[in-house]
Every structure is written in C-alpha cells, then in structure tokens.
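Structural overview
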Amino acid sequence: MFEPTNGKAGQVEEIHWPSLVAAISSVSAVGIAIGLGLPLLSIILEKRGIPSSLIGLNTAMMGIAAMIAALITTKLAHRFGVVQTMIWAVVLSALSSLGFYYAESLLLWFPLRLIFHGSTTTLFILSEFWINAASPPSKRGFVLGLYSTVFSLGFAAGPLLFSLVGSEGLMPFLIGACIILAATIPIFIARNESPIVDEKPELHFIRYVFLVPTATAAVFVFGAVTVGGGSLFTSYATRLGFNESQAALLLTVMGVGNFVFQIPLGLLADRLRDKRPLLSIMAAIGLVGALLLPSLASNWIVLAVILLFWGGCVSGMYTVGLSHLGTRLTGADLVAANAAFVFCYAVGMVLGPPTIGTAMDLANPSGFAWAIAFFFGLYVLLSAVRLLFMGSRG
C-alpha cells in the first residue's frame, strides 16, 4: 500500500498515479461494458417478445443490486482486501455478462442482473475509495473531475460500440466480458499501491448516510435526476413537438455538459475549504433550469443551452459530493461512507423514474420539469438549513 507522507492517516501530499490509473481505468472499462450492455440487453428482450413492463422490472434490478452491494462491500474489503475484492468483482461481472447470452429464461436474467450490477457497484465503491485515498486534499477535486470525465467517455463509448457490433450472436457479450476482464490488468499492476482497510468502520452503515448528508443527499438527487430524467427525457421532448433525432441531440448536449464541466468544477472545489456552498449553487442552478424548461421548451437552441449547463451542474453534484466526502473522512470510515454514497445513488435511481413518470401522467408534459424541480428544491432546502444552522458539520 502507499503510505501517507504527512503523518495523517488516509491523506497524501502527492498524487499516486499508479493507484489512480488502476482505479480510473478499471472502472472506466466497466463503464464501457455497462454502456454496451444496457441497450444490448433491452433489445434482446424486446426481440424475444418480452413485455416492456417486464423489461423495466428486470432493469430495475440495477438499483436493488447496488443497494445490496453498498451494504456488504466494506465488510468484503475489510476481510479480503481491496485488490482481491475488486478482482473477484471483475471476474463475476465478466462471467455474468456472458451468462445473459446462454440464459434462455427471463427468470434467470434477474439473478444475473443482481450479480452483474452488484459486482460492478462493488468496483465503483472501491475504485472511488482508492481514488480518494490516493489524492492529496489540495488536488482531490481535480482528480475526481478527471475520474468523472474518463468514466463519462467510457460510458458514452459503450453505445457507440453497440452500434458497431449489433445484438446478434455471442460476439457483443464476448467483447463486453473481455473489456471487463481487462480491468484486472491495471488493478494487478498497482496491487502494492492499494489502500488497506485494516479496521472496521466506527459506525453502523446507515449512520454514514446521515454523517455527511450534504454529500449523500447530493448523490441521491443526482441518481433521481440523471436516471429518471435521462430515461424519460426523449418522451418529454417528443411530447413538446420535437422529433426523435432532435430529442436525442438534446440528450447529447446534456452529455457534453457532463463531460466538459467535471474537471473545471473539480478544480474549483479544490479552492474551497467548504464545498457545501458549491453544491448548493449547483442545485440552485438545477432548480432554476428545471423551472425554466416549460416556458423555454418551444425554442430548441435555448433549450439546448440550458441543458448544456444543467447537465454539467447535475453531474457536478456527484463529483463535488464525492470530493466533500473525501475531505471529511479517511480509512475504513471513507470506505463505509463511499458505500453509503453509492447506496443513496441507488435509492435515487429507484425512486426517480416512477416519480417523474407519475408527474408526467398527472401534468402532461410539464410534470417532467416539476418533478425534477422538486428533487432539486429538496436539496436546496436541506443545504440551506444545514449551512445556516449546522455550521461546519456535514
């Protein structure tokens, strides 16, 4: 493992590049595989004549798997070590991704989803812990911004790869499995640089959700808005009168905002001793942007500009929230808090789509914007209360 050079556990003075390359490249490889797998699995089920409701139910296992993984990852890392746990997670992810091809029954796809997304969630938790542990406090925001940017590129490369290989035969599954297995290479190379979880967390898992609520609430909103908004935005845009290509292009603009703003926001976070005001500002921008959607939706160019900045701020809540987490905690506590962070993301991922979808049914189509504004409004209210009355805590 690497040793801190300033005498403070869990903090280093220089960036440990082997550790960062291992953690970032491994999780990015998984991002490519997930980006390939999501459209691949949905299209295969659709070709088999599976109803959309069952496809959606099967996809929802992602959130359940993430919650389960968040509950057990810290214990696994403490018992088996970070590197060994990550390598097993890579192997299970690869094997389960191949399992989808050989499993004819839909019933088998439910445990396969649990294994695949549970394993990849374990990789995310430990990779983010590794990145936080290997980053000096003065450069943590920059490193996490770099991580978010590289992962965004990997996740975006998945659908592009799918467009090239298609959905027929074993090949797309084999490619996905090989990409995942490639993640073991940088992990193994940097195995001696990995942080060691040599003690149990001081608190029960659920306490970490409330220990740093500014960060965990930020990732809850991120999960609800990105998954719920992303899955329903095309429907919202077409109801506004845009065609499918225009709607897809708007989603692309949002993705560009996600990609472009992460490193600048990370650098800005590094300059701030207290990152909570930045999180509050981004949530306020998200709130204002959501409230403006109904009145500006008729102009595609104006809508695209709003979505560009809006997408950057939404994703920035994840990057800055993770940086805030690393500022507050170290060691086993940081692993547990990272797990709680991902758990809250999973809760948002589960609650966001039905909330936004129901709002659209009740108020078509403006319910989309009102529901997203609701999530951002909750965060703005929470952060304002904590900044005014809780001082430096959380």
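Residues numbered from 1 in each chain as written. Predicted model: local features only at pLDDT ≥ 70, side-chain atom pairs only at ≥ 80, totals over all residues. Heavy atoms only, no water.

Turning next to the packing of aromatic side chains. This structure, assessed with the given rule, holds 14 aromatic pairs. Both rings, one in Tyr236 and one in Phe368, keep their centres 4.4 Å apart while their planes meet at 15 degrees; by these two values the pair is stacked. Residue Tyr236 is located in helix H10 (residues 213-239), and its partner Phe368 is located in helix H15 (residues 367-389); the two are separated by 132 residues in the primary sequence. For Phe368, a relative accessible area of 1% corresponds to the buried category. One aromatic cluster in this structure is built from Phe222, Tyr318, Phe341 and Tyr345. Between the NZ or CZ atom of Arg191 and the centre of the ring of Phe188, over which it lies, the distance is 4.0 Å. (Phe/Tyr/Trp six-rings, centres within 6.5 Å; stacked < 30°, edge-to-face > 60°. Helix = DSSP H or I, 4+ residues; strand = E, 2+ residues; numbered from the N terminus. Buried < 20%, exposed > 50% of the residue type's maximum accessible area, 1.4 Å probe, protein only. Lys NZ or Arg CZ within 6 Å of the ring centre and 35° of its normal.)

Let's shift gears to helix H5 (residues 106-133). Taking 1.5 Å of rise per residue, the 28 residues of H5 would be expected to cover 40 Å, and the 41 Å separating its terminal C-alpha atoms lies within 8% of that figure. Counted residue by residue, H5 has 23 buried out of 28 residues, so it is predominantly covered. Sitting at the amino-terminal end of H5 is Ser105, which places a side-chain oxygen 3.2 Å from the backbone nitrogen of Leu107. (Expected span 1.5 Å × (residues − 1). Polar contact = N/O pair within 3.5 Å; in protein donor to acceptor, adjacent residues only side chain to side chain.)

Note on placement: Arg140 falls in helix H6 (residues 140-165). A distance of 3.3 Å separates a polar side-chain atom of Arg140 from the backbone oxygen of Ser135. Filtering out sequence-adjacent residues up to four positions away, Arg140 remains in contact with Asn132, Ser135, Asp270, Ser323, Gly326 and Thr327. (Contact = heavy atoms within 4.5 Å.)

All chains considered together, the criterion is met by two salt bridges. For the salt bridge of Glu168 with Lys47, the shortest nitrogen-to-oxygen distance reads 2.9 Å. Linking Glu168 in the loop between H6 and helix H7 (171-181) with Lys47 in helix H1 (residues 17-47), this pair joins segments that are 121 residues apart in sequence. Each member of the pair, Glu168 as well as Lys47, is classed as exposed. Of the charged contacts, one joins Asp274 and Arg276 as a salt bridge, the two residues approaching to 2.9 Å between their closest N and O atoms. By relative accessible area, Asp274 is classed as partly exposed at 31%. (Salt bridge = Lys/Arg side-chain N within 4 Å of Asp/Glu carboxyl O.)

This part takes up the domain arrangement of the protein. Domains assigned within the protein are domain 1 (17-195) and domain 2 (202-389). Each of domain 1 and domain 2 has a C-alpha centre, and these two points are 22 Å apart. Residue-level contacts link 28 residues of domain 1 with 28 residues of domain 2. Broken down residue by residue, the surface that domain 1 buries against domain 2 is led by Met67, Glu128 and Phe129, which jointly contribute 21%. Summed over the shared surface of domain 1 and domain 2, the result is zero salt bridges. Across the contact surface, domain 1 and domain 2 share five residue pairs in polar contact (both at pLDDT 80 or more). The set of elements that each furnish at least two residues to the side of domain 1 that touches domain 2 consists of helix H3 (61-80), H5 and H6. Here the element with the most residues in the side of domain 1 that touches domain 2 is H6; it accounts for eleven residues. Split into classes, the residues belonging to the side of domain 1 that touches domain 2 amount to 15 nonpolar, ten polar and three charged. (Domains from an automatic or database assignment. Buried area = accessible area lost by both parts, 1.4 Å probe. Nonpolar A, V, L, I, M, F, W, Y, C, P; charged D, E, K, R; others polar.)

Further remarks concern the packing of H5 against helix H14 (residues 331-362). Where H5 meets H14, the axes come as close as 9 Å, and the angle between the chain directions of the two elements is 135 degrees. It follows that H5 is oblique to H14 by the angle criterion. Along this stretch, H5 crosses H14, giving a crossing that reads as right-handed. Residues Thr121, Ile125, Leu126, Glu128, Phe129, Asn132 and Ala133 of H5 form the contact with H14, whose own contacting residues are Gly331, Leu334, Val335, Asn338, Ala339, Phe341 and Val342. Tallied by class, the residues present in the contact of H5 with H14 amount to nine nonpolar, four polar and one charged. (Axes fitted to C-alpha atoms, helices over the stretch in contact; angles between N-to-C directions. Parallel < 35°, antiparallel > 145°, perpendicular 65-115°, else oblique. Left-handed = near helix turned anticlockwise from the far one by under 90°.)

Among the nonpolar cores identified, the biggest contains 110 residues, and Trp130, Tyr147, Met317 and Phe376 are the most heavily contacted of them. Tallying contributions element by element places H1 first for this core, with 14 residues. Composition of this core by domain shows at least three residues from each of domain 1 (17-195) and domain 2 (202-389). Other than its neighbours up to four places away in sequence, Phe376 contacts Val221, Val225, Ala283, Gly286, Leu287, Trp310, Val314 and Met317. (Core = buried A, V, L, I, M, F, W, Y, C linked by side-chain atoms within 4.5 Å.)

Attention now goes to the confidence of the model for the protein. Model confidence for the protein is summarised by a mean pLDDT of 82, while 91% of its residues fall at 70 or above. Segment residues 1-10 is flagged for pLDDT under 50; beyond a separation of four residues in sequence, or across chains, it makes 28 contacts in the model. (pLDDT = per-residue confidence, 0-100.)

Once that is clear, we can look at the packing of helix H4 (residues 82-102) against H5. In helix packing, the relevant descriptors are the interaxial angle and the interaxial distance, both defined with respect to the helix axes. In the contact formed by H4 and H5, the axes pass within 8 Å of each other and the chain directions differ by 150 degrees. As judged from the angle between their axes, H4 and H5 are roughly antiparallel. When the axes of H4 and H5 are compared, the crossing they make is left-handed. Per-class residue counts for the contact of H4 with H5 are 15 nonpolar, nine polar and one charged.

For the rest of this paragraph, the subject is unusual backbone geometry. Residue Asn364 is joined to Pro365 through a cis peptide bond whose omega torsion reads -5 degrees. Relative to the assigned elements, Pro365 resides in the loop between H14 and H15.

Quick look at a nonpolar patch on the surface now. On the surface, Ile64, Ile68, Leu71, Ile72 and Leu114 cluster together into a nonpolar patch covering about 390 Å² of accessible area. A total of four residues in the nonpolar patch trace back to one element, the largest contributor, which is H3. By the secondary structure assignment, Leu114 is in helix H5. Leu114 sits in the partly exposed class, given a relative accessible area of 30%. (Patch = residues over 30% accessible without salt bridge, like charges linked within 9 Å, V, L, I, M, F, W, Y side chains within 5 Å. Areas by Shrake-Rupley, 256 points an atom, 1.4 Å probe, with all protein chains shown as cover.)

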